[in-house]
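For reference, the chains in residue letters:
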Amino acid sequence: MAVTLAACQPSHPEKQSLEDGWTVEQLGGSEAAIAGPVTASVPGSIHLDLLGNGLIDDPFFGTNEYDLQWIGETDWIYARTFILPEEALEKDRVLLRFHGLDTVADVTVNGKRAGSADNMFRTWEFDVKGLVKAGENHVEVHFRSAVKRIQELAK
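For every chain, the first residue of its written sequence is number 1, and the numbers climb from 1 along that sequence. Two thresholds apply to this predicted model, a pLDDT of at least 70 for residue-level local features and 80 or more for giving and counting side-chain atom pairs, whereas whole-chain, interface and lining totals are computed over all residues. To obtain the side-chain values, all non-hydrogen atoms of the structure were included, while hydrogens and water were left out.

S.K.: I would appreciate a short explanation of the environment of Thr81 in the present structure.
M.R.: On the secondary structure map, Thr81 appears in strand 5 (residues 75-84). On a C-alpha basis, the gap between Thr81 and Ala117 in space is 21 Å, while along the polypeptide they are 36 residues apart. What makes two residues a contact is simply this: any of their non-hydrogen atoms within 4.5 Å. Thr81 has contacts with Glu136, Asn137 and His138, leaving out every residue within four places of it along the chain. In this text, helices come from DSSP runs of H or I with a minimum length of four residues, and strands from runs of E with a minimum of two, each type numbered from the N-terminal end.

Listed below in structure tokens is the structure:
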């Protein structure tokens with residue numbers, strides 16, 4: 001997931017990268033619960049973030065992949081704060097743009113729903129002008145287990 005924030009007027013978009021400063025946290029418990037939040041890399045993946053924080057063994061070694069199946073059956077929340085300049089609110093739109101959200105995800109800004117995603121292979125863009133304020137803002141991406149979602153749809 002690559003993320004940018006763009007305050008837009010048709011001829012003068014101003015962009016701010018939101019790729020630094022993310023954390024990730026496991027939602028709900030499991031037999032392999034991760035005490036979080038921990039630092040996360042964006043763009044990146046939950047497996048790389050857990051590996052980078054020393055929380056799992058290398059999934060590509062031996063039978064570790066089998067032992068790490070619980071990761072895909074777990075919900076994860078990526079979060080960060082960002083500072084929005086006051087002049088950004090003078091623009092027509094403030095767009096939160098994600099280049100790939102894998103796969104079932106809900107996005108909130110300052111605790112309010114910005115939108116949802118269900119396809120990794122496209123760009124998702126949400127106008128968050130009504131959700132942001134000048135100064136500090138908080139964005140969360142709640143990645144729901146695609147395994148659980150498929151099981152729900154199969155029912």
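S.K.: Help me understand the pairing of strand 9 (residues 123-127), please; the structure alone is not making it clear to me.
M.R.: Look at any regular strand and the pattern is simple: side chains alternate between the two faces of the sheet. Burial along strand 9 is one-sided: the face carrying Trp124 and Phe126 is buried and the face carrying Thr123, Glu125 and Asp127 is not. By definition, two strands form a pair when at least two bridges between them are found by DSSP. The sheet contact formed by strand 6 (residues 93-99) and strand 9 spans 5 bridges and is antiparallel. The residue of strand 9 that forms the bridge with His99 is Thr123. The buried label goes to any residue with under 20% of its type's maximum accessible area, the exposed label to any with over 50%, and the partly exposed label to all in between, with areas taken from a 1.4 Å probe on protein chains only.

S.K.: Even after reading the chapter, I still don't get the environment of Thr103, so can you show me in this structure?
M.R.: As for its placement among the helices and strands, Thr103 is situated in the loop between strand 6 and strand 7 (104-109). Considering only alpha carbons, one finds Thr103 and Asn119, 16 residues apart in sequence, at a separation of 5.3 Å. With residues up to four places along the chain from it excluded, the contact list for Thr103 reads Ala117, Asp118, Asn119, Met120 and Phe143. The definition of a polar contact used here is a pair of N or O atoms within 3.5 Å, where within protein one atom must be able to donate a hydrogen and the other to accept one, and adjacent residues in sequence count solely through side-chain atom pairs. Reaching out from Thr103, the side chain makes a polar contact with the side chain of Asp102 at a distance of 2.5 Å.

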